[in-house]
Amino acid sequence: SAAMGLVLPTLLPKECTHWAAVILFVYFGGKLLLEAVKMFQEGEGDGPSSELNDVEAELKEGASKKTSFYAVMVQAFTLTFVAEWGDRSQISTVALAAAKDPLGVVLGGSFGHCCCTSLAVLGGGALASSISERSVVAAGGATPAAPP
């Protein structure tokens, strides 16, 4: 992402990359807010995500299987990479790298992602069972993200 932020301003004017980032943030935020409204209208997402129950059931089924550290690491990397591809954090990284020092963006982004992932691993189970999916979607859409 930082490399894209470094290269894109050489291909496109800096103002174009800035406004493209703004438009993408507004689009994704609006999309999440519309999804939250739809969930509210249809009475969905009131409790914990149904995916939580599916994952817990799958984990119970596979509890007897021993999984190597390497296999877990590869699976976590793959899931995180695919989930993060094209999301708002990647767009913000591109926009920030276009305006600031790319090395600082890589280090800061990596550290920030590490902190968020650690919080998710340590407190995710408790939060997932106490916060409604609808609230998470609405907060994600309403959270202002200010690209540079």
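Placed above this text is the structure.
Predicted model only: the values in this text are computed from it and were never measured.

Rules used in this analysis
- Residues numbered from 1 in each chain as written.
- Predicted model: local features only at pLDDT ≥ 70, side-chain atom pairs only at ≥ 80, totals over all residues.
- Heavy atoms only, no water.
- Helix = DSSP H or I, 4+ residues; strand = E, 2+ residues; numbered from the N terminus.
- Contact = heavy atoms within 4.5 Å.
- Areas by Shrake-Rupley, 256 points an atom, 1.4 Å probe, with all protein chains shown as cover.
- Disulfide = S-S within 2.5 Å.
- Buried < 20%, exposed > 50% of the residue type's maximum accessible area, 1.4 Å probe, protein only.
- Expected span 1.5 Å × (residues − 1).
- Arc of directions from axis to C-beta.
- Axes fitted to C-alpha atoms, helices over the stretch in contact; angles between N-to-C directions.
- Parallel < 35°, antiparallel > 145°, perpendicular 65-115°, else oblique.
- Left-handed = near helix turned anticlockwise from the far one by under 90°.
- Nonpolar A, V, L, I, M, F, W, Y, C, P; charged D, E, K, R; others polar.

Student: It is not clear to me how the overall build of the protein should be interpreted in this structure. Could you clarify?
Tutor: The secondary structure content of the protein amounts to 7 helices and 0 strands. Seen in sequence order, the protein has helices and strands lined up from the N terminus as α-α-α-α-α-α-α. Considering only intrachain contacts with a sequence separation of at least 6, the fraction spanning at least 24 residues in the protein is 91%. Carbon and sulfur atoms make up 69% of the accessible area of the protein, which amounts to about 10,700 Å² in all.

Student: I keep staring at the state of the cysteines and nothing clicks. Help me out?
Tutor: Formally, a disulfide is one covalent bond, and it connects the sulfur atom of one cysteine to the sulfur atom of another. A complete count under the given rule lists 0 disulfides for this structure. With no disulfide of its own, Cys114 has Cys115 as its nearest cysteine by sulfur position, at a separation of 5.8 Å. Cys115 sits in the partly exposed class, given a relative accessible area of 33%.

Student: When you look at the environment of Thr93 in this model, what are you seeing that I'm missing?
Tutor: Mapped onto the fold, Thr93 is located in helix H5 (residues 88–99). Distance from Thr93 to Gly109, taken between C-alpha atoms, is 7.2 Å for residues 16 residues apart in sequence.

Student: Where do I start with H5 in this structure?
Tutor: Given 3.6 residues per turn, any residue in an α-helix points the same way as the ones three and four places further on. Compared with the 16 Å implied by 1.5 Å per residue over 12 residues, the 17 Å span of H5 between its first and last C-alpha is a close match. All buried positions along H5 are accounted for by Gln90, Ile91, Val94, Ala95, Ala97 and Ala98. For H5, the angular spread of buried residues about the axis comes to 165°, placing them on one side.

Student: Help me understand the packing of helix H2 (residues 14–41) against H5 in this model?
Tutor: Closest axis-to-axis distance for the H2/H5 pair is 10 Å, and the angle between their directions is 160°. It follows from the interaxial angle that H2 and H5 lie roughly antiparallel. Crossing handedness for the pair H2 and H5: left-handed. Across the interface between the two elements, Lys14, Ala21, Leu24, Phe25, Phe28 and Leu32 of H2 pack against Arg88, Ile91, Ser92, Ala95, Ala98 and Ala99 of H5. When the residues that make up the contact of H2 with H5 are grouped by side-chain class, the tally is 9 nonpolar, 1 polar and 2 charged.

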